Amino acid sequence: MTPDNPTPVTDAELHAWVDGQLLPEFVPVVSDWLLQHPDAAARVQAWQAQRLGLQALQRGVLDEPVPLALARATRPRRSGPWLQGLVASLMLGLGFAGGWWLRPVDTPLAGAGEPGFVQEARVAHAVYVPEKRHAVEVGVQEQAHLVQWLSRRLGTPLKAPLLEDQGFGLMGGRLLPGQAGEPRALFMYENPAAGRITLHVSVLPGDAAPAPAAFRFARVGQTETFYWVEGSLGYALSGDLPRERLAQLADAVYRQLQQPGALPG
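Residues numbered from 1 in each chain as written. Predicted model: local features only at pLDDT ≥ 70, side-chain atom pairs only at ≥ 80, totals over all residues. Heavy atoms only, no water.

## What to know about the side chain of Thr223
Counted only if it meets this: Strands here mean DSSP runs of E at least two residues long; helices mean DSSP runs of H or I at least four residues long; both are numbered from the N terminus. Residues adjacent in sequence count toward polar contacts only when both atoms are side-chain atoms; beyond that, a polar contact is any pair of N or O atoms within 3.5 Å, and within protein one must be able to donate a hydrogen and the other to accept it. Should any heavy atoms of two residues lie within 4.5 Å, those residues are counted as being in contact.
By secondary structure assignment, the location of Thr223 is in strand 7 (residues 223-230). Of note is the side chain of Thr223, whose polar atom sits 2.8 Å from the side chain of Asp240. The residues contacting Thr223, other than those within four sequence positions of it, are His125, Ala218, Ser238, Gly239 and Asp240.

Now the structure itself:
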């Protein structure tokens with residue numbers, strides 16, 4: 001695989017994508033390839049879920065301080081520079097001047113400087129939206145439990161925006177793993193015509209300084225995504241809808257998240 005020749009993508013490269021060890025220039029290539037291969041995307045999601053589960057089982061050990069002798073004998077191979085590069089690209093891509101997001105920035109080519117959480121959101125949308133029986137892990141009947149559970153796993157208070165006035169009802173949501181195993185939240189909505197949209201929420205790495213929220217736009221095939229950063233959180237709203245319609249929904253989501261009791265920055 002090369003950046004100019006995205007096929008074939010090997011299992012080794014998919015595992016590297018899941019483990020966060022894939023070279024940054026190949027991340028958008030693999031993400032776009034997964035969008036075109038839903039079976040492989042589902043397999044990758046299963047690997048991510050397994051990885052997250054194993055990490056949860058060993059959380060107590062992972063949180064213990066590293067013995068001094070071991071710390072001196074080892075050197076991190078990727079996490080520092082890779083995460084710093086991700087944060088830098090994120091802040092450069094989403095660093096906006098004064099004012100807020102009223103003018104979305106058109107980013108029609110996926111992977112062109114967009115943050116990793118947007119690629120994760122796009123893959124999750126492609127994998128779970130077509131599901132008939134298992135689109136969500138926890139249904140809207142347990143909405144309070146869903147929000148509390150996802151808030152606890154992400155380590156920050158969450159809120160599921162209500163979009164009935166926009167014609168979309170909340171179906172429920174699920175917990176997802178990020179590329180490096182971090183927990184993500186996914187909320188799914190459906191309209192009477194069975195059209196679905198997803199809201200993907202990520203806790204971003206690093207201590208990014210708060211900045212005015214601003215929408216960015218990305219498109220892959222028929223899937224449109226509006227994404228923005230608010231404080232330490234990244235949001236991506238995706239749907240197979242005209243851009244203008246999805247922008248209306250993104251506006252409604254954003255405004256609800258700014259109301260008292262919404263996500264803190």
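Additional details are given in the paragraphs that follow.
## Focus on helix 2 (residues 27-36)
Rules: The buried label goes to any residue with under 20% of its type's maximum accessible area, the exposed label to any with over 50%, and the partly exposed label to all in between, with areas taken from a 1.4 Å probe on protein chains only.
For helix 2, the tally of buried residues reaches 8 of 10 residues, placing the bulk of the element in the interior. All of the buried residues in helix 2 are Val27, Pro28, Val29, Val30, Ser31, Trp33, Leu34 and Leu35.

## As for the packing of helix 2 against helix 7 (residues 116-128)
Two quantities define a packed helix pair, namely the angle between the helix axes and the distance between the axes. Applied cut-off: Whenever a helix is involved, its axis is fitted only over the stretch in contact; in every case the axis is a line through C-alpha atoms, and angles between N-to-C directions fall within 0 to 180 degrees. Note that the term roughly parallel is reserved for angles under 35 degrees, roughly antiparallel for angles over 145, roughly perpendicular for angles of 65 to 115, and oblique for everything else. By definition, any crossing whose near helix is turned counterclockwise from its far helix by less than a right angle is left-handed, and any crossing with a clockwise turn is right-handed. In this classification, Asp, Glu, Lys and Arg are treated as charged, Ala, Val, Leu, Ile, Met, Phe, Trp, Tyr, Cys and Pro as nonpolar, and every other residue, Gly included, as polar.
In the contact formed by helix 2 and helix 7, the axes pass within 9 Å of each other and the chain directions differ by 10 degrees. Considering the angle they form, helix 2 stands roughly parallel to helix 7. Crossing hand, helix 2 versus helix 7: left-handed. Here helix 2 contributes Val27, Pro28, Ser31, Asp32, Leu34 and Leu35 to the contact with helix 7, which in turn contributes Gln119, Arg122, Val123 and Ala126. Residue classes in the contact of helix 2 with helix 7 are distributed as 6 nonpolar, 2 polar and 2 charged.

## Here we look at the pairing of strand 7
For clarity, the threshold we go by: Strand pairing is defined by DSSP finding a minimum of two bridges between the two strands.
Burial within strand 7 is extensive, with 8 of its 8 residues counted as buried. The alternating pattern of strand 7 places Thr223, Thr225, Tyr227 and Val229 on one face and Glu224, Phe226, Trp228 and Glu230 on the opposite face, and all of these are buried. Hairpin connection from strand 6 (residues 216-220) to strand 7: 2 residues lie between these consecutive antiparallel strands, with Gly221 at a positive phi of about 60 degrees. Bridge count for strand 7 against strand 8 (residues 233-239) is 7 bridges, and the pairing is antiparallel. By the bridge assignment, Phe226 is partnered in strand 8 with Leu237. Linking strand 7 to strand 8, which pair antiparallel, is a turn of 2 residues; within it Gly231 sits at a positive phi near 65 degrees.

## Thoughts on the pattern of salt bridges
In plain terms, the rule: By definition, a salt bridge exists where a carboxyl oxygen of Asp or Glu is found within 4 Å of a side-chain nitrogen of Lys or Arg.
Going through the model one piece at a time under the given rule, you end up with 4 salt bridges. Across the pair Glu120 and Arg184 runs a salt bridge whose closest N-O atoms are separated by 2.8 Å. Of this pair, Glu120 sits in helix 7 while Arg184 sits in strand 4 (residues 183-190), and the two are 64 residues apart along the sequence. Neither residue differs from the other here; Glu120 and Arg184 are each classed as buried. Through salt bridges with shared partners, a single ionic network connects Glu120, Glu182 and Arg184.

No statement about biological role is implied by the geometric values presented.
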